[in-house]
Amino acid sequence: MTEQTRTVQITFDCADPAALAAFWATTLGYRLQDPPGGFESWDQALEAMGVPPERRNDASAVVDPAGTGPRVFFQRVPEGKQAKNRVHLDVRAAPGLSGDARMAALEAEAERLVSHGATRLQRHEPAPPLGAGHLIMADPEGNEFCLD
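Counting of residues starts from 1 at the beginning of each chain's written sequence and follows it residue by residue. Selection of residues for local features in this predicted model requires a pLDDT of at least 70, selection of side-chain atom pairs for listing and counting requires 80 or more, and totals for whole chains, interfaces and linings are taken over all residues. To get the side-chain values, take all heavy atoms of the structure and skip hydrogens and water.

Chemist: So, helix 1 (residues 17-28): which residues are in play, and what are the values?
Modeler: Its 12 residues give helix 1 an end-to-end C-alpha distance of 16 Å, which sits within 8% of 16 Å, the value for a rise of 1.5 Å per residue. Burial here depends on accessible area, computed with a 1.4 Å probe over protein chains only, as a share of the maximum for the residue type. Under 20% is buried, over 50% is exposed, and the range in between is partly exposed. Elements are defined by DSSP. Helices are runs of H or I of four residues or more, strands are runs of E of two residues or more, and each kind is numbered from the N terminus. Regarding helix 1, the residues found buried are P17, L20, A21, F23, W24, A25 and T27. In the stretch just after helix 1, G29 is the one whose phi turns positive, near 75 degrees. To estimate how far a helix should extend, the number of its residues minus one is multiplied by 1.5 Å.

As structure tokens, then:
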């Protein structure tokens, strides 16, 4: 029997799907998912589907423009974040760099993301041979991620 590979969608529970989708689109270089065919906007599509205005920010998604990365989906939930993430994203912001050059690239990316609503949490210095150094960040709703 041949095993099949599976695609992965990353899902965030959140309070404001549109805002969090915009943040992660900026962070990952993704774009908001296009509305269904025949519609110029999501608002137009949701109106045609009969979704009332107060429910139109119940979900949002971002996609990799190249079509290779996973779709990231955001769904509104009533409860807030309550504990440290058990799973988190590592955003590869300094591939191939090491030492001071790596940390400078991570710091520059952290500064950019803070200007878009992220919070800087911790800096971990390089600790060779295995620790290359990274920054721990949080998105606008407090979900932790690493700049790696």
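The rest of the description comes next.
Chemist: Describe the pattern of salt bridges, naming the residues involved and giving the relevant values.
Modeler: Just to be clear on terms, a salt bridge is a Lys or Arg side-chain nitrogen sitting within 4 Å of an Asp or Glu carboxyl oxygen. Throughout the structure, instances matching the rule amount to 12 salt bridges. Here R123 ties to E107 by a salt bridge, and the two come within 2.6 Å at their closest N and O atoms. Placement of R123 in strand 6 (residues 119-124) and of E107 in helix 3 (residues 99-114) is noted, with a sequence separation of 16 residues between them. Judged by its relative accessible area of 34%, R123 is partly exposed. The class of E107 is partly exposed, set by a relative accessible area of 22%. The residue R123 makes a salt bridge to E125 at a minimum N-O spacing of 2.4 Å. Via salt bridges that share partners, E107, R120, R123 and E125 belong to a single interconnected network.

Chemist: Provide a residue-level description of the sheet that holds strand 6, including the pertinent values.
Modeler: With mixed pairing, the 4 strands of this open sheet are ordered in space as 5-8-7-6. Only two strands of the sheet have a single neighbouring strand rather than two, namely strand 5 (89-91) and strand 6. For this sheet, the mean inter-axis angle between neighbouring strands, taken without regard to orientation, is 25 degrees. Here, a strand pair is defined by DSSP locating no fewer than two bridges between the strands. Where strand 7 (residues 134-138) meets strand 8 (residues 144-147), 4 bridges bridge the pair, whose relative direction is antiparallel. Angles here are taken between N-to-C directions and fall from 0 to 180 degrees, while the axes themselves are lines fitted to C-alpha atoms, restricted in helices to the stretch in contact.

Chemist: I'd like to hear about the pairing of strand 3 (residues 59-63), residue by residue, with values.
Modeler: Within strand 3, 4 of the 5 residues are buried, which leaves the element mostly enclosed by the surrounding structure. The pairing of strand 2 (residues 31-32) with strand 3 spans 2 bridges and is classified as antiparallel. For L32, the partnering residue across the bridge sits in strand 3 and is V62. Direction of pairing for strand 3 relative to strand 4 (residues 71-76): antiparallel, over a ladder of 4 bridges. Of the residues in strand 4, the one forming a bridge with A61 is F73.

Chemist: Could you give an account of the sheet that holds strand 1 (residues 9-14), naming the residues involved and the relevant values?
Modeler: One open sheet holds the 4 strands; their spatial order is 1-4-3-2, and the pairing between them is mixed. One side of each edge strand has no neighbouring strand; the edge strands of this open sheet are strand 1 and strand 2. Here strand 1 runs beside strand 4; their pairing, made up of 6 bridges, is parallel. Along strand 4, the bridge assignment pairs C14 with R76. Seen against the sheet, helix 1 touches strand 1, strand 2, strand 3 and strand 4 and runs at an angle of roughly 160 degrees to strand 4. Contacts: residue pairs with any heavy atoms within 4.5 Å of one another.

Everything listed is a geometric property; what it means functionally is a separate question.
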